[in-house]
Amino acid sequence: VPGTNERYALEDGRIKLRYRLALKLLYSVANRAGVDFVLASPTRAYQRTYQQFWPGKVALHPAVNFRLLCNSAVAKSDKRFTVLRYLGCPKRDKGIEFALQVGMAAAEKYSIIQLVFHFNSEFHGANRFDEQVAALRYAGKQYANVTVLTGNLSSLEYDALLQGSDMVCLLYDPSHYRIKTSGIFWDVLRCEKSAWLVTEDSWMNG
């Protein structure tokens, strides 16, 4: 658990064996190929866990996915407070259903905010949420305050979306994200002026 000396326990023996064999093989192949391979973890809890299986030293790197922001920010055409409600692949444990439900309610009630959703329709199983996305679009018609982006975003589009948002919501299910986060968290962290809304009891809330 972050902030303590407690290890994250892998309770399933099959998973533990899979990790041990995979990392041992990776370490062996890297040595034979003469590759200076560094295994890094974004949290101390994962660092301690992987260290149980990795023969070398596991590094701690809080921004494993870091890259500089593209200089793609443009002036917002809509001067309203912009809230990025959802970003990335449509997954239940990343709060898409909750984000859509709250987004519908907010769109119908608040004309002073602009709600932006990235709905990656190319992700496997995305069509499960088509009806909810359609309902969200309908809810935003009165004040024209809902924007839904679909498909995969290029690096330029992705960074422009982050830089154009006044607030970013990462409403991940805390039962899945109590001790882990996603690369999106680190991507958003590059934007110094963005406000945050995260789930209570999630790692990000700490």
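For the structure itself, consult the block above.
This is a predicted model, so every value here is computed, not measured.

About the criteria used
Residues numbered from 1 in each chain as written. Predicted model: local features only at pLDDT ≥ 70, side-chain atom pairs only at ≥ 80, totals over all residues. Heavy atoms only, no water. Helix = DSSP H or I, 4+ residues; strand = E, 2+ residues; numbered from the N terminus. Buried < 20%, exposed > 50% of the residue type's maximum accessible area, 1.4 Å probe, protein only. Contact = heavy atoms within 4.5 Å. Areas by Shrake-Rupley, 256 points an atom, 1.4 Å probe, with all protein chains shown as cover. Phe/Tyr/Trp six-rings, centres within 6.5 Å; stacked < 30°, edge-to-face > 60°. Pairing = 2+ DSSP bridges. Axes fitted to C-alpha atoms, helices over the stretch in contact; angles between N-to-C directions. Parallel < 35°, antiparallel > 145°, perpendicular 65-115°, else oblique. Left-handed = near helix turned anticlockwise from the far one by under 90°. Nonpolar A, V, L, I, M, F, W, Y, C, P; charged D, E, K, R; others polar. Core = buried A, V, L, I, M, F, W, Y, C linked by side-chain atoms within 4.5 Å. Polar contact = N/O pair within 3.5 Å; in protein donor to acceptor, adjacent residues only side chain to side chain.

J.: Teacher, can you tell me more about the overall build of the protein chain here?
T.: Scanning the protein chain from terminus to terminus reveals six helices and seven strands. Element order for the protein chain, N to C, with α for helix and β for strand: α-β-α-β-β-α-β-α-β-α-β-α-β. For the protein chain, buried positions account for 39% of its 206 residues. Here the contacts in the protein chain between residues at least 6 apart in sequence split such that 73% fall between residues at least 24 apart. Entry remark: accessible area of the protein chain is about 12400 Å², with carbon and sulfur atoms responsible for 54%.

J.: How do you make sense of the packing of aromatic side chains when you look at a structure like this?
T.: Given two aromatic rings, one states the distance between the centres and the angle between the planes to describe the pair. Under the definition given, this model contains eight aromatic pairs. Ring geometry for tyrosine 19 versus phenylalanine 53: centroids 6.0 Å apart, planes at 40 degrees, classification tilted. Pair noted here: tyrosine 19 is in helix α1 (residues 13-33) and phenylalanine 53 is in the loop between α2 (44-51) and β2 (59-60), with a separation of 34 residues, a long-range link. When its relative accessible area of 7% is taken as the criterion, phenylalanine 53 is described as buried. Both rings, one in tyrosine 172 and one in tyrosine 177, keep their centres 4.7 Å apart while their planes meet at 50 degrees; by these two values the pair is tilted. For the pair tyrosine 172 and tyrosine 177, a shared accessibility class is recorded, and that class is buried.

J.: Would you mind showing me how to read the sheet that holds strand β3 (residues 81-86) here?
T.: Sheet strands pair via backbone hydrogen bonds, and the direction of the pair is either parallel or antiparallel. Here five strands make up an open sheet; going across it, the order is β5-β4-β3-β6-β7 and the pairing parallel. Edge positions in the sheet fall to β5 (146-150) and β7 (195-198), since each has one partner strand and no second. The average angle at which neighbouring strand axes cross in this sheet is 20 degrees, direction not considered. The pairing of strand β6 (residues 167-170) with β7 spans four bridges and is classified as parallel. Counted as the bridge partner of methionine 167 is alanine 195 from β7. Most of the contacts of helix α3 (residues 96-109) go to strand β4 (residues 113-119), to which it runs at about 150 degrees, and overall it touches β3, β4 and β5.

J.: In this structure, what is going on with the packing of α3 against helix α4 (residues 130-139)? I would like to understand it.
T.: With their axes 8 Å apart at the nearest point, α3 and α4 run at an angle of 20 degrees to one another. Between α3 and α4, the angle is such that the two are roughly parallel. Regarding α3 and α4, the two cross each other, and that crossing is left-handed. Seen from α3, the contacting residues are Glu97, Leu100, Gln101, Gly103, Met104, Ala107 and Glu108; seen from α4, they are Gln132, Val133, Ala135, Leu136 and Ala139. Class assignment for the residues of the contact of α3 with α4 results in seven nonpolar, three polar and two charged.

J.: I'm lost on the nonpolar core in this one. Help?
T.: What tends to happen in soluble globular proteins is that the nonpolar side chains get buried as a cluster. Residues Leu115, Phe117, Phe119, Leu136 and Val148 are the most contacted members of the largest nonpolar core, which totals 22 residues. Residue assignment for this core shows that the elements contributing at least two residues are β3, α3, β4, α4, β5 and β6. Top element by residues in this core is α3. It accounts for six residues. Residues contacting valine 148, with those up to four places away along its chain left out, are Phe117, Phe119, Val133, Leu136 and Arg137. With 17 residues, the next largest nonpolar core counts Tyr177, Ile184, Phe185 and Val188 among its residues.

J.: Help me understand the side chain of serine 165 in this model?
T.: By secondary structure assignment, the location of serine 165 is in the loop between α5 (155-163) and β6. Here serine 165 falls in the buried class, since its relative accessible area comes to 6%. Engagement of the side chain of serine 165 in a polar contact is seen with the backbone oxygen of leucine 161, the distance being 2.8 Å. Filtering out sequence-adjacent residues up to four positions away, serine 165 remains in contact with Thr82, Leu84 and Ser194.

Any link to function would need more than the numbers given here.
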